[in-house]
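# Descriptive analysis of the structure
So the chains spell out like this:
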Amino acid sequence: MESIRITGGIPLAGTIPISGAKNAALPLMTCGLLTDDRLVLSNVASLADLATMAQLLAQHGIAVEPSGRTLSLGGRITNATAPYDIVSKMRASILVLGPLLARVHEARVSLPGGCNIGTRPVDLHLKGLEAMGATIKLEAGYIDATAPTGLHGANIVFPFVSVGATENLLMAASLADGLTTLKNAAREPEITDLATCLIAMGANIQGLGSDTLTIQGVKTLHGATHAILPDRIETGTYACAAAITGGKILLQNARAADLGAVLSSLREAGVIITDSPDGLWVERANGLHGVDIVTEPFPGFPTDMQAQFMALMAVAEGASMVTETIFENRFMHVPELNRMGARINAHGASAIIRGVKSLSGAQVMATDLRASFSLVLAALAASGESVISRVYHLDRGYEAVEAKLRGCGAHIERIAAL
């Protein structure tokens, strides 16, 4: 099992190019199921999760052909089953359910896996599809769904915001018969990116960027070319890297408008973020100050930035509180940060962080995707050497981590498995 070794205490300086968003690329790839024509996606990052999605689509009959930072998807659906051995690797695999039902009127999808950060039920996906005419049974760990006469439009009100359910039903509704309204829909930039691609494929969608999406179903969708938006979570993560090391980094291609509450929280903590024609400049001019955050749907503070911000608060002056409202098991990085000298006390859905002047290098273990980078951040700021194990989590969502950080002066290397 590979590890990463970091010698910390070096202010980072330089340019980090922000890759295409993982959380946008995954649903966009499943759009390949919605048409027999070719779908071309550009600004695609090289990530383990995208490789898993390509593997899943291939067994459905959709060929995914990479060329540099572009993916070309095409083919006819030959199989409506998404098997456990693939789906168990990544929760986003559930996103094939809506497109399969819309196109071939049946789907058999294993209940999903992914990071062990909470139950994350798929009830909203299933209830929404049932409202659109699907018959769904759960048997032997699989979702068996059929819609013999196709899906129809429906008025769907989400009891709480769900990004995945919004994405699944948005794609399904694009080919449903009639008008579908999604109320209390997710407003994340990745949702707008998905809708923009669907519109380019011929879908009729109104309300982009709002919490109410209306979709007038069409009979067929056609091919299109779409550029994936920059990854706002990667942007926020590397902004934390500049701040925690006291450095200055240009985050190339980053977009401030996509950051929501991350931008205001970083600024409140004492981080200077400046727009430029090439992206965002991020630096820490003076000390860091403790800031309280609560994770919420966009434009609130994203749960995918919680662990990284906690690492930053570990070396901020004063106390801060992080409250997690999205996933119930997302503080697994706390014991590992404390091994490095942080003073964090987690209780229930909240964690109190009492800032320390410095962290110390240690051997630590990554527990999930975002938590893995919180340990990288702590190691970059710590005195001495840190070794982070189980970094396969990191490769699922961050492209070329060592190269990007090394380009800004970090002492970081990957250690091959023994």
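Structure: above.
Residues numbered from 1 in each chain as written. Predicted model: local features only at pLDDT ≥ 70, side-chain atom pairs only at ≥ 80, totals over all residues. Heavy atoms only, no water.

Tallying secondary structure elements over the protein gives 14 helices and 24 strands in all. Radius of gyration (C-alpha) of the protein: 21 Å, near the 22 Å computed for a compact globule of 418 residues. Seen along its three principal axes, the alpha-carbon backbone of the protein occupies a region of about 65 × 45 × 40 Å. A total of 418 residues make up the protein; the buried ones form 56% of that total. For the protein, restricting intrachain contacts to residue pairs at least 6 apart in sequence, the fraction spanning at least 24 positions comes to 73%. As displayed, the protein has an accessible area near 15600 Å², and 51% of this comes from carbon and sulfur atoms. In the protein, which carries 31 positive and 37 negative side-chain charges, the distance between the mean positions of the two groups comes to 2 Å. (Helix = DSSP H or I, 4+ residues; strand = E, 2+ residues; numbered from the N terminus. Rg over C-alpha atoms; globule rule 2.2 N^0.38 Å. Buried < 20%, exposed > 50% of the residue type's maximum accessible area, 1.4 Å probe, protein only. Contact = heavy atoms within 4.5 Å. Areas by Shrake-Rupley, 256 points an atom, 1.4 Å probe, with all protein chains shown as cover. Lys, Arg positive; Asp, Glu negative; His and termini not counted. Charge placed at Lys NZ, Arg CZ, Asp CG, Glu CD.)

Our next topic: the sheet that holds strand S13 (residues 212–216). Overall, mixed pairing links the 4 strands, which are arranged S10-S11-S13-S12 in an open sheet. The open sheet has two edge strands, strand S10 (155–157) and strand S12 (204–206), and neither has a second partner. Taking each pair of neighbouring strands and ignoring which way they run, the sheet shows an average axis angle of 15°. With 3 bridges connecting them, S12 and S13 associate as antiparallel partners. Within S13, the position partnered with Asn204 by the bridge is Gln216. (Pairing = 2+ DSSP bridges. Axes fitted to C-alpha atoms, helices over the stretch in contact; angles between N-to-C directions.)

Take the environment of Phe160 next. Of note, Phe160 is situated in the loop between S10 and helix H6 (163–174). Linking Phe160 and Ile4, residues 156 residues apart in sequence, is a C-alpha distance of 38 Å. Here Phe160 is in contact with Leu124 and Asn184, once residues within four sequence places are set aside.

By the alternation rule, side chains of strand S21 (residues 350–354) split into Ala351 and Ile353, which are all buried, and Ser350, Ile352 and Arg354, of which none is buried. Where strand S19 (residues 319–323) and S21 come together, 5 bridges link them in antiparallel fashion. Residue pairing in the sheet places Met321 in a bridge with Ile352 of S21. In this sheet, S21 lies alongside strand S20 (residues 343–347) in antiparallel orientation, the contact comprising 5 bridges.

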